[in-house]
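Fold and geometry: a report
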Amino acid sequence: MRGSSPRMTGEYRGTAAYMTSMRPQDILLPAAAGLCCKPGGFHIDPVRPVERAVITHGHSDHARAGHGAVLATQETLDMMRLRYGENFAGSTQVIRYGEEIQLGDVRVKFHPAGHVLGSAQIAVTCKDTCIVASGDYKDARDPTCTPFELVPCDVFITEATFGLPVFRHGDAADEVKKLLASVALFPERAHLVGAYSLGKAQRVIALLRQAGYDAPIYLHGAMETITEYYQSRGIDLGELRPVKGVKKAALAGTITLAPPSATSDLWTRRFPDPVTAFASGWMRVRARARQRGVELPLVISDHADWDGLTATIAATGAGEIRVTHGQEDALVHWCRSKGLKAQPLDLVGYGDEEESETPIADEAEA
Amino acid sequence: MNRFAELLDRLAYEPGRNNKLRLITCYFREVGDPDRGYALAALTGALSFKHAKPALIRDLIAARTDEVLFGLSYDYVGDLSETVALMWPRAELAAHNNPPSPTLTEVVTTLRTLGKTELPKQLERWLDELDETGRWALLKLVTGALRIGISARLAKTAAAALGDKDPHEIELIWPGLSPPYLDLFAWLEGRGEKPVNRDPAPFRPVMLAHAIEDGDFAALDPVDYIAEWKWDGIRVQAVAGRDDRGHITARLYSRTGEDITGSFPDLVPSLRLPGAIDGELLILREGRVQSFNVLQQRLNRKVVSPKLIKEFPIHLRAYDLLGDDENDLRELPFVERRERLETFVRKLDDSRIDLSPTVPFASWEALTAARADPASAGAGEDADAVEGVMLKRRDAPYLPGRPKGQWWKWKRDPHIIDAVLMYAQRGHGKRSSYYSDYTFGVWTKGEGGDELVPVGKAYFGFTDEELLQIDRFVRRNTTEKFGPVRHVVHEGDKGLVLEVAFEGLQRSPRHKSGIAMRFPRISRLRWDKPPREADRLETLERMLNAEPAEIEV
């Protein structure tokens, strides 16, 4: 079905009256369905079914099924197909990083966001005004996806998942060292690492391999499909095995990756005296780790930390900042203290998935 | 410091005792002297320096961060030290000028001698040099809030494991040691002689009893045993000895070997004969033993005021004599030690120290009767403070630990109520996939009729099989979830009744019910009983009133 649909650009002719200077809210405006681009005739990461959707990345709170036409990177479309089945959208269209297309009265260009495989920031240009919707992004190194690209713009819509100065993620390689030290110290126990099945799990595996860990790594069933997809895209993850059916005793000294909700579930009883680890930026705060009963918190995040957010905002050169999903207040305050125009952008439906026990098949990330 | 911080960080999340031991031992193995010695001191509470006030920490962060951002962060994190550790701005130092982060030794030795005015500058420097975890540990250390759930005993046991030694050996020599314990580690690693305890009043590892069960009696002959009351106080060891100059040094130790002399200065003058008494610490008013609740009000006080001493007169009731002047009596049979004890206490002739009487009995039936009614069996007016009876083999030497078949404790039946399971929380470690912490309540009159009010929390007492059953019940009968806590159905005809055993009750303004339980545990599951037939708060209040009255202080 890929490529078989009519190109979105051909279908829609903008009707907006041209103005010499566009106000940002005339280009992108929060609506019930998500961030709406009226002159382009589409929504970015809509949370409800819409006619045209432009999607930043494959996490389930951003990429939902049931839209008429979907524009996204090849990887994002593939992941949606794996999760929702062939008929997840009326039609799809692939866009590459750096490729620019005209949608109605605006030009849309995708840039790597460094968040997960295929993730993109979306630059929307109308007349002389360029707005970048960051989606989720990180400026830290990640062997499993294309690095974040800084996009100069007039208005930057940034995420703020970790928008408090207490969130500093440090070097993920050090956290993986912590995990390996624990495996060495407790060879008779199993190590269970909670990690979101799209992106985080593969990154943790890749980091383990980079640290020299070459034993087979075990996977919870919910991890298998996406992980295989990563491998099919040429990302080397070493030998992976399904944990299902493996005898309890054989799991001593091993590492298993599982969705976070599984690590405190009945499912863990198949492991010998498991050490429960959790790879997430939230693990920086003790109360959060303790609340989840985590024994080995690993501060590994797929979002920019405070330093990353503030550095990126400054470097875009944008004079106006919109802050969305996360800790908006602190980041808005910071922007204003630096003389930037800033306001929170109320978008609903982008999960703090960790606040609730999400079903395994549908869990998002952090 | 960063390595020590890493250890503390990991210990704070690790629920299992053996795993904690492994982590600490591994640290002692990896880290050299003198850092590991100061770590041992920190873990055993043996470090002493003036603590920094939280206000100082606040001032430091206020000077470096935006007030609004700090406020938002503190609200989110909820802990001052942690907030400051996480948001402390990175020092902007040239790479060639990057000082190494301080060692634990440097921190401890500097803090000992640092003047109050120099502290802020020094703290700033360290905070600049450490990583997030290092800053957190440093701030916890300097504010004296290093609570990580490690007992001194556990830390010593971990050190002992380094040299495959018995932790009792460390306890024996511990009072003569001081940080950074170079001689101790040298001995543990086989590089040096065992340190000699030159302490004139050393602690001796304590002998403990096994709980006796009905089936045990058949194999025991009453003639082999001496019985005595088990008093509901605090087991202590009172030791006095002569130093090099012939002066008497007296110390009071808890059963784990902690020096608690400072909390009971009023007992020290009575310990004037060299020797080591194993006994129970009690409060006596006009010759009557007070309940444990009363004693508890003298514990954990920072300042022991003259008023406290006067209102809670301390008393030592002696069970055993481990040393008599220079003589170590621990190898002697109990019956001979007991004779020496009687002579010793007579010679002391002090109103604060008396002998715990033995309970004569000819058969187990006779002892059962005495245990059921201590008042008529010799305990008289003190019967309320009797927790049960102790059985000690006449020929038993004094052995450290809990040797099999030598000493038995036979507690009086605990108090029992039927309560209704209200909330369940996941356990930790091995139990983290089970709902194993239970909050239970009893009925009371509420605005809209009878309602359940929580009266306690228990997380043991049940068998593994029963745990599985309760876990299954909780999962199937959850009405609401709050993070790790589940609300379990608790209505008149729907819910689970738990038989809860406990040792005593106390008034507690912190609990909604106004009552707190001592040592509650689940003794039986009452699947047969509908929740509406569970006990009422009034029953507990009656039990509370039956306990000896407390004095407000």
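Calculation rules
- Residues numbered from 1 in each chain as written.
- Chains lettered and ligands numbered in written order.
- Predicted model: local features only at pLDDT ≥ 70, side-chain atom pairs only at ≥ 80, totals over all residues.
- Helix = DSSP H or I, 4+ residues; strand = E, 2+ residues; numbered from the N terminus.
- Contact = placed C-beta atoms within 7 Å.
- Nonpolar A, V, L, I, M, F, W, Y, C, P; charged D, E, K, R; others polar.
- Pairing = 2+ DSSP bridges.
- Core = buried A, V, L, I, M, F, W, Y, C linked by C-beta atoms within 7 Å.
- Buried ≥ 20, exposed ≤ 12 C-beta atoms within 10 Å, placed from the backbone.
- Axes fitted to C-alpha atoms, helices over the stretch in contact; angles between N-to-C directions.
- Arc of directions from axis to C-beta.
- pLDDT = per-residue confidence, 0-100.
- Parallel < 35°, antiparallel > 145°, perpendicular 65-115°, else oblique.
- Left-handed = near helix turned anticlockwise from the far one by under 90°.

In this section: the overall build of chain A. When helices and strands are counted, chain A shows nine helices and 19 strands. Once local pairs closer than 6 in sequence are excluded, the contacts in chain A between residues at least 24 apart make up 62%.

This part takes up the interface of chain A and chain B. Of the residues lining the interface, 29 residues belong to chain A; the matching set on chain B comes to 26 residues. If you list the elements that add at least two residues to the side of chain A that touches chain B, you get α7 (286–291), β17 (296–298) and α9 (328–337) of chain A. Ranked by residues supplied to the side of chain A that touches chain B, first place goes to α9 of chain A with five residues. In terms of residue class, the side of chain A that touches chain B is made up of 14 nonpolar, seven polar and eight charged.

Take the pairing of strand β17 (residues 497–502) of chain B next. All names here are of chain B. Both strand β12 (residues 415–426) and β17 contribute to a ladder of six bridges, which runs antiparallel. By the bridge assignment for β17, H415 is matched with F502. The pairing of β17 with strand β20 (residues 521–526) spans five bridges and is classified as antiparallel. Across the sheet, E499 pairs through a bridge with R524, a residue of β20.

Counting residues in hydrophobic clusters, the biggest one holds 212 residues, and the most contacted among them are V124, I131, V204, L257 and A277 of chain A. Apart from residues no more than four positions distant in its own chain, V204 of chain A is found in contact with V193, A195, L257, A279 and I300 of chain A. Listed in part, the 30 residues of the second largest apolar core include A424, W443, A458 and L496 of chain B.

For the rest of this paragraph, the subject is the sheet that holds strand β19 (residues 341–344) of chain A. All names here are of chain A. Across the sheet, seven strands lie side by side as β7-β8-β9-β10-β11-β18-β19; this open sheet has mixed pairing. Across the chains shown, the open sheet's two edge strands, defined by having one partner strand only, are β7 (100–103) and β19. With strand direction ignored, the average angle separating the axes of adjacent strands in the sheet is 20 degrees. In terms of strand pairing, strand β9 (residues 120–126) meets strand β10 (residues 129–133) through five bridges, oriented antiparallel. Pairing of V124 across the sheet is with I131, part of β10. This element, helix α8 (residues 306–316), spans β10, β11 (155–160) and β18 (320–326) of the sheet and lies at about 175 degrees to β11.

All names here are of chain A. Listing the buried residues of α8 in full gives W306, G308, L309, T312, I313 and T316. Within α8, the buried residues cover an arc of 170 degrees as seen down the axis, which keeps them to one side. Each element contacted by the buried residues of α8 is listed here: β10, β11, β18 and α9. Just beyond α8, the residue with positive phi is G317, at close to 75 degrees.

Moving on to the confidence of the model for chain A. Residues at a pLDDT of 70 or more form 89% of chain A, whose mean pLDDT is 89. Contacts for the low-pLDDT stretch residues 352–366 of chain A, under 50 throughout, to residues beyond four places or in other chains number 38 contacts.

To continue, consider the environment of G388 of chain B. All names here are of chain B. With respect to the element layout, G388 can be found in strand β10 (residues 386–393). Classification of G388 by C-beta neighbours within 10 Å gives partly exposed; the count is 18. Apart from the residues lying within four places of it in its own chain, the contact partners of G388 are K230, R371, K409, W410, K411 and R412.

Here we come to the confidence of the model for chain B. Residue and element names in this part refer to chain B. With 97% of its residues at a pLDDT of at least 70, chain B reaches an overall mean of 89. Taken as a whole, residues 548–553 scores under 50 in pLDDT and shows nine contacts with residues more than four places along the chain or in a different chain. Overall fold confidence for the complex sits at a pTM of 0.73, while the interface term, ipTM, reaches 0.87.

Another point: the sheet that holds strand β16 (residues 275–279) of chain A. Residues and elements named next belong to chain A. Within the open sheet, the six strands sit side by side as β14-β13-β15-β12-β16-β17. Their pairing is parallel. Each edge of the sheet is formed by a strand with only one pairing partner; in this case those strands are β14 (240–242) and β17. Neighbour-to-neighbour, the strand axes of this sheet turn through a mean angle of 25 degrees, independent of strand direction. Relative to β16, strand β12 (residues 191–194) runs parallel, the two being bridged by four bridges. Bridge pairing links G194 to F278 in β16.

The omega torsion across D33 of chain B and P34 of chain B is -5 degrees, close enough to zero to call that bond cis. Here the residue pair P179 of chain B and P180 of chain B is connected by a cis peptide bond, since its omega of 5 degrees sits within 30 degrees of zero. Looking at where P180 of chain B falls in the secondary structure, it is placed in the loop between α11 (167–173) and α12 (182–188). The residue D273 of chain A is not glycine, and still its phi comes out positive at about 35 degrees. Here D273 of chain A shows up in the loop between β15 (255–258) and β16. Given 14 C-beta atoms within 10 Å, D273 of chain A falls into the partly exposed group.

On to the packing of helix α4 (residues 54–62) of chain B against helix α6 (residues 80–87) of chain B, then. Residue and element names in this part refer to chain B. Between α4 and α6, the least distance of the axes is 11 Å, while the angle of their chain directions is 25 degrees. With respect to α6, the element α4 is oriented roughly parallel. The element α4 and its partner α6 pack so that their crossing is left-handed. On the side of α4, the interface is formed by P54, I57 and I61, while α6 contributes L80, S81 and V84.

This brings us to the packing of helix α3 (residues 35–44) of chain B against helix α10 (residues 152–162) of chain B. All names here are of chain B. Two elements in contact, α3 and α10, have axes separated by 8 Å at closest approach and are oriented at 150 degrees. Relative to α10, the element α3 is oriented roughly antiparallel. Contacts between α3 and α10 involve L40, L43 and T44 from the former and A152, A155, K156 and A159 from the latter. When the residues that make up the contact of α3 with α10 are grouped by side-chain class, the tally is five nonpolar, one polar and one charged.

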